Amino acid sequence: MRKLTEASERLNTEIKRRKEAQRSPRERLLFEELLSAISARFISLPANRVDEEIHNAMTEVLGFFKVDRFALLQTLPDKKSWMITHSVAGAGVPSVPIASELPISINPWAYEKLVLKKEVLSIEKMEDIPSEANVDKETWMKWGIRSNLNIPIMIGGPVDHILAINSVKQERLWPEELVPRLRLLGEIFVNAIERSKAQKALQESEERLSLATSAAEAGLWMLDIDTGILWATPILRELFGFHPDEVLSYERFQEAIHPDDLDGVKERVHQSIETKSFLIAEYRIRKPDGNLRWIVTRGRPENGTLGHPLRLMGVSMDITGLKEMESQLREQLVEINKLKLQLENENVYLREERKMEQGFGKMIGSSSTLQYVLFRAHQVAPTDATVLILGETGVGKGMVANAIHEMSARRDKPMVTVNCAALPANLIESELFGREKGAFTGAHARQIGRFEVANGGTIFLDEIGELPLELQAKLLRVLQDGEFERLGSPRTVKVDVRVIASTSRDLKEEMCNRRFREDLYYRLNTFPVTLPPLRMRIEDIPELARYFIDKYGRKMGKRFDTISKEAIDRLSEYSWPGNVRELEHIIERAVITSSEQDFQLTEPLEHGSVEREEGVLKEFNAMAREHIQQVLKETRWKIEGKAGAAAFLGLHPSTLRFRIKKLGLKRP
Ligand SMILES: Nc1ncnc2c1ncn2[C@@H]1O[C@H](COP(=O)(O)OP(=O)(O)OP(=O)(O)O)[C@@H](O)[C@H]1O
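Because the structure is a prediction, the values reported are computed rather than measured.

Conventions we followed
- Residues numbered from 1 in each chain as written.
- Predicted model: local features only at pLDDT ≥ 70, side-chain atom pairs only at ≥ 80, totals over all residues.
- Heavy atoms only, no water.
- Pairing = 2+ DSSP bridges.
- Helix = DSSP H or I, 4+ residues; strand = E, 2+ residues; numbered from the N terminus.
- Axes fitted to C-alpha atoms, helices over the stretch in contact; angles between N-to-C directions.
- Near = heavy atom within 4 Å.
- Polar contact = N/O pair within 3.5 Å; in protein donor to acceptor, adjacent residues only side chain to side chain.
- Buried < 20%, exposed > 50% of the residue type's maximum accessible area, 1.4 Å probe, protein only.
- Core = buried A, V, L, I, M, F, W, Y, C linked by side-chain atoms within 4.5 Å.
- Contact = heavy atoms within 4.5 Å.
- Phe/Tyr/Trp six-rings, centres within 6.5 Å; stacked < 30°, edge-to-face > 60°.
- Lys, Arg positive; Asp, Glu negative; His and termini not counted.
- Salt bridge = Lys/Arg side-chain N within 4 Å of Asp/Glu carboxyl O.

**Student:** Can you tell me about the sheet that holds strand β14 (residues 415-419), naming the residues and giving the values?
**Tutor:** Strands belonging to one sheet form pairs held by backbone hydrogen bonds; the direction of such a pair is parallel or antiparallel. Here five strands make up an open sheet; going across it, the order is β14-β15-β18-β13-β19 and the pairing parallel. Each edge of the sheet is formed by a strand with only one pairing partner; in this case those strands are β14 and β19 (528-530). Across the sheet, the mean angle from the axis of one strand to that of its neighbour is 20 degrees, orientation sign disregarded. Bridging between strand β13 (residues 387-390) and strand β18 (residues 498-503) involves four bridges; their strand directions are parallel. By the bridge assignment for β18, Val387 is matched with Ile500.

Below you can see the structure in the form of structure tokens.
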């Protein structure tokens, strides 16, 4: 019985095959015609019509073969699924939605056959499917497929498209000669799809380029080297002022270039073509309205088949704004450099002026006592010796200290002043020697002491007499060995500092009363310089007064033509307990109250005139004598001439001779 059934099936198949074979020549011819009509429609088909045309062609083929479903599938790059890109179905047959993804895992056997082995799958009935393809069979049966023809389409290398034809209403045989024709159809479809993708990509990139060039206001151009014909975008035409319809050429381009820049541009273009190198040129053009613009052009030659450049293509932009900005910046830079130079010069001038003010330049007074002081300072300045400046308050001790520093080799290093009287006793140590963080309550940060700041320079310890006894030993160590420790640190710090100290106290007396260490006193006193009080050099008063009147007059915009003799007399008679500082303040006030042109001392001088005691006078004579004697020694008793003692002391030679006689000085 089974044998009978099998024989009947074989017979049926044979009958079907014969029928197909009988139909074939006619159908084949018709199908050839259909194929050539379809392929003709795909020639130069615009990208946006490809999908529609594939759909039409598939519908025609579907009708032609009277099959139920026709689809084009694409293998997705991840190789895990297929995507239905195009699909049509016959009447009453459910179609597969386009863009739906089919996982390869539900058709593993078909994947292997079609994609990996590149074989055609022609299935007449589901029973023919081998047992290893059960998963695929189940899938197809679920979709109601009874017969199936799948053709891999390869363009180039791997299979990335499948043409799938299903029959759901009946089983059917797929004649073998159909396969090459359907594959051809599939290739027409896939080629059209690829072409449309490439066209779309090109269109997109053109759009992007055009967007970028128009955003950058850049004009594109292409020069045919052999013919000299120039192609240009509308933006380039606008940049150069060319007419939109004008036929452009290399000559026409040259005409637009400023004559001064033309040779340079021609040279660069020539070089770019000859050496096949990048072209870059900046030049001016004159537009038809006479407007001068700056243009930058970049380009590159494009090689022909024989390696000889055929075209030069590139981009040009208007950089007039940039150029203007650049030239403005350059002008500003010149201006800045000028100002910088001016500022530097002013700085040098100010520094010089300050030096003068700090040095002897502004130390007013030609009394022999003051001159002697200056002479001493001059002598000691170049050495590194410690100097002790003695004198009442306001006599100019600070000025002399400054002058010594300015005349020393340390003048380019800092001079740090510490007023020992102005600092509270508990802070003075950390001020002078520095401290480590946490050295005492409230020491939140590390602090560098003034000795370290003055390293390489000078420290001026004003009112040294006020230095607490316990710090005097520490100072002595610095003076002797140049070393000390910061507060709260065991580490020894080494410095190279010259010490100038000053005091208005009688240090000897302080030493006797055990308020000042003897060893420190002697160490400081190696080179004492005593500044006489103003009352001992009254001859300096008129000069000082004039100097201060002028200084404050200028500051306040007043110019005094006359200074009354009475004012000068009053100033000279006064005892000046506050010395030069007091004189300066009194004059400053008087300048404010005096009317223009006429300087008047309106306020009373508080202490009144003083009877100069004999002792003071004696002291004065002794100082003057010592000074004149010293100068005479230095000049080997030469009185007159440029290098003579009289010139040095600022005296007339006969006045000096008179003084020598009066002071009883004798040549050794
Ligand atoms: N010979 C001088 N020529 C011009 N100005 C002077 C002269 N002597 C002192 N002065 C001025 O007098 C003022 C006091 O000078 P300075 O501070 O040097 O005195 P000092 O003796 O150090 O005073 P103190 O002991 O109070 O510190 C300053 O303004 C200074 O410019």
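**Student:** Outline the site of the ligand, listing residues and values.
**Tutor:** Around the ligand, the structure places 18 residues, and the nearest of them are Thr393, Lys397, Gly398, Arg581 and Glu584. The backbone of Gly396 places a nitrogen or oxygen atom 3.1 Å from an oxygen atom of the ligand. One nitrogen or oxygen atom from the main chain of Met399 is found 3.1 Å from an oxygen atom belonging to the ligand. Every element with two or more residues in the shell around the ligand is listed here: α11 (397-406), α17 (541-555) and α19 (579-593).

**Student:** Quick one: what's the story with the pairing of strand β2 (residues 81-89), residue by residue and with numbers?
**Tutor:** The element β2 is largely enclosed, with a buried count of seven among its nine residues. Bridging between strand β1 (residues 69-75) and β2 involves seven bridges; their strand directions are antiparallel. Paired with Phe70 across the two strands is Val88, which belongs to β2.

**Student:** Can you tell me about the nonpolar core, naming the residues and giving the values?
**Tutor:** In terms of nonpolar packing, the biggest core is built from 32 residues, with Phe42, Val61, Phe70, Leu182 and Phe189 touching the most fellow members. Contributing elements (two or more residues each) for this core: α1 (2-42), α2 (50-65), β1, β5 (147-154), β6 (159-167) and α5 (178-215). When residues in this core are grouped by element, the largest group, nine residues, is from α5. Other than its neighbours up to four places away in sequence, Leu182 contacts Phe31, Val61, Phe65, Leu149, Ile151, Leu163 and Ile165.

**Student:** How would you summarise unusual backbone geometry if you had to cite specific residues and measurements?
**Tutor:** The phi angle at Ser44 is positive, at roughly 45 degrees, despite the residue not being glycine. Residue position: Ser44 is located in the loop between α1 and α2. Looking at Ser44, the relative accessible area reads 66%, which means it is exposed. Phi is positive for Trp637, close to 60 degrees, though the residue is something other than glycine. Inspection of the secondary structure puts Trp637 in the loop between α20 (614-634) and α21 (645-649). The exposure class of Trp637 is buried, given its relative accessible area of 15%.

**Student:** Mind laying out the packing of aromatic side chains, listing which residues take part and the relevant values?
**Tutor:** Applying the stated criterion across every chain, the model contains 17 aromatic pairs. Ring centres of Phe253 and Tyr283 lie 6.2 Å apart, and the angle between their planes is 90 degrees; this geometry places the pair in the edge-to-face category. One end of the pair, Phe253, is in helix α7 (residues 250-256); the other, Tyr283, is in strand β10 (residues 279-286), with 30 residues separating them in the sequence. For the pair Phe253 and Tyr283, one class covers both residues: buried.

**Student:** An account of the sheet that holds strand β9 (residues 248-249) is requested, with residue identities and associated values reported.
**Tutor:** The strand order across the open sheet built from six strands is β9-β8-β7-β12-β11-β10, with neighbouring strands paired in antiparallel fashion. Strand pairing shows two members of the sheet lacking a second neighbour, β9 and β10, which therefore form its edges. Bridge count between strand β7 (residues 218-224) and strand β12 (residues 309-318): seven bridges; the pairing is antiparallel. Within β12, the position partnered with Trp221 by the bridge is Gly314. Lying on the sheet, helix α8 (residues 259-275) is in contact with β10, β11 (292-303) and β12; it crosses β10 at an angle near 155 degrees.

**Student:** I'd like a rundown of the side chain of Arg237, residues and numbers included.
**Tutor:** Mapped onto the secondary structure, Arg237 falls in helix α6 (residues 234-240). Despite its burial, Arg237 remains without a salt bridge, the nearest opposite charge being carried by Glu246 at 5.2 Å. Within the local environment of Arg237, its side chain forms a polar contact with the backbone oxygen of Glu246, the two atoms lying 2.8 Å apart. Apart from the residues within four sequence positions on either side, Arg237 is in contact with Ala232, Phe242, His243, Pro244, Asp245, Glu246 and Leu248.

**Student:** Mind laying out the environment of Val493, listing which residues take part and the relevant values?
**Tutor:** Of note, Val493 is situated in strand β17 (residues 492-494). Among the residues examined, Val493 registers a relative accessible area of 9% and is labelled buried. Taking the C-alpha atoms as reference points, Val493 and Glu452, 41 residues apart in sequence, are found 8.3 Å from one another. Other than its neighbours up to four places away in sequence, Val493 contacts Glu452, Gly482, Glu483, Phe484 and Arg486.

**Student:** How would you summarise the pattern of salt bridges if you had to cite specific residues and measurements?
**Tutor:** For the structure on display, the rule yields 36 salt bridges. Lys113 serves as the salt-bridge partner of Glu119, at 3.3 Å between the closest nitrogen and oxygen. Take Glu119: its relative accessible area is 31%, and that puts it in the partly exposed class. Judged by relative accessible area, which is 23%, Lys113 ranks as partly exposed. When the shortest N-O distance is used, the salt bridge between Glu326 and Arg330 registers 2.8 Å. Taken together, the residues Glu326 and Arg330, both in helix α9 (residues 320-358) and four residues apart, mark about one turn of the helix.

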